[in-house]
Amino acid sequence: ADVWILGGVEDVITNLEDSQVSLQTILASRFVGGIRAEVEEWEKKLSLLSEVLDEWLACQRAWMYLENIFSAEDIQKQLPAESVKFMKIDKFFKDRMRKCHERPNVIGQVTAPKLLETFVDANKSLDEIQKSLEDYLETKRQAFARFYFL
């Protein structure tokens, strides 16, 4: 199955920051009157984009790190609760990336209902999963000193 990730987001981030500055400049203008509501709406959209993008990239980093680890059967057996949590996030992440691939429109993607909250929750779960994994590896290192290179 094909799996996609966000890449080359530097241009998106640069354009986002430039657009946010432009909107601030427009809002500060005394001539904004007739378009104020539209400018404020775009300001909200771009602010949401910034927040979602930060959470999305954090989720992607953690997912990429943990994906190989939790595809191993021995880890799934040793950390069953974390494996179940990770598989849910894995399904969500792959599905979101598939939707992104099918419809590569930044504003359209980040304004999906509850997307920010879902990424925030996923990141919280990924942090918990990573902590449990580190605790598990630490117990293995204590039992087998030669594992300290892990």
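The rules behind the values
- Residues numbered from 1 in each chain as written.
- Predicted model: local features only at pLDDT ≥ 70, side-chain atom pairs only at ≥ 80, totals over all residues.
- Heavy atoms only, no water.
- Helix = DSSP H or I, 4+ residues; strand = E, 2+ residues; numbered from the N terminus.
- Expected span 1.5 Å × (residues − 1).
- Buried < 20%, exposed > 50% of the residue type's maximum accessible area, 1.4 Å probe, protein only.
- Contact = heavy atoms within 4.5 Å.
- Axes fitted to C-alpha atoms, helices over the stretch in contact; angles between N-to-C directions.
- Left-handed = near helix turned anticlockwise from the far one by under 90°.
- Nonpolar A, V, L, I, M, F, W, Y, C, P; charged D, E, K, R; others polar.
- Core = buried A, V, L, I, M, F, W, Y, C linked by side-chain atoms within 4.5 Å.
- Polar contact = N/O pair within 3.5 Å; in protein donor to acceptor, adjacent residues only side chain to side chain.
- Arc of directions from axis to C-beta.

J.: Please provide a residue-by-residue account of unusual backbone geometry, values included.
T.: A negative phi angle is the norm for most residues apart from glycine, just as the trans form is the norm for most peptide bonds. Residues other than glycine seldom take positive phi values, yet K114 does so here, at roughly 60 degrees. As for its placement among the helices and strands, K114 is situated in the loop between α5 (106-110) and α6 (115-143).

J.: Can you tell me about helix α4 (residues 80-102), naming the residues and giving the values?
T.: Taking 1.5 Å per residue as the helical rise, α4 with its 23 residues ought to reach 33 Å, and the 33 Å between its terminal C-alpha atoms agrees with that figure. Taken together, the buried positions of α4 are occupied by E82, S83, F86, I89, D90, F93, R96, M97 and C100. Considering only its buried residues, α4 is in contact with α2 (36-70), α3 (73-78), α5 and α6.

J.: Describe the packing of α2 against α6, naming the residues involved and giving the relevant values.
T.: Where α2 meets α6, the axes come as close as 9 Å, and the angle between the chain directions of the two elements is 35 degrees. α6 is crossed by α2, and the crossing has left-handed handedness. When the residues that make up the contact of α2 with α6 are grouped by side-chain class, the tally is 19 nonpolar, two polar and two charged.

J.: Tell me what's going on with the nonpolar core, and back it up with residues and numbers.
T.: Core analysis: the biggest nonpolar cluster contains 35 residues, and W56 and L126 have the highest contact counts within it. Mapped by element, the contributors of at least two residues to this core are α1 (10-28), α2, α4 and α6. Among the elements that take part in this core, α2 stands out by supplying 12 residues, more than any other. Setting aside its immediate chain neighbours within four residues, L126 contacts C59, A62, W63, L66, F86 and I89.

J.: Describe in detail the environment of S71, supporting the description with residues and values.
T.: Assignment of secondary structure puts S71 in the loop between α2 and α3. When the C-alpha positions of S71 and F86 are compared, they lie 9.8 Å apart, and in sequence the two are 15 residues distant. Within the structure, the side chain of S71 is placed 2.8 Å from the backbone oxygen of N68, a separation counted as a polar contact.

J.: Tell me about α1, and name the residues and values.
T.: Taking 1.5 Å as the rise per residue, α1 with 19 residues should run 27 Å; its terminal C-alpha atoms sit 27 Å apart, in good agreement. The set of residues buried in α1 consists of L16, L23 and L27. All buried residues of α1 fall inside an arc of 30 degrees around its axis, so they share one side. In α1, the exposed positions that point more than 90 degrees away from the buried face belong to E10, D11, V21, T25 and A28.

Everything listed here is a matter of coordinates, which is why it stays silent on function.
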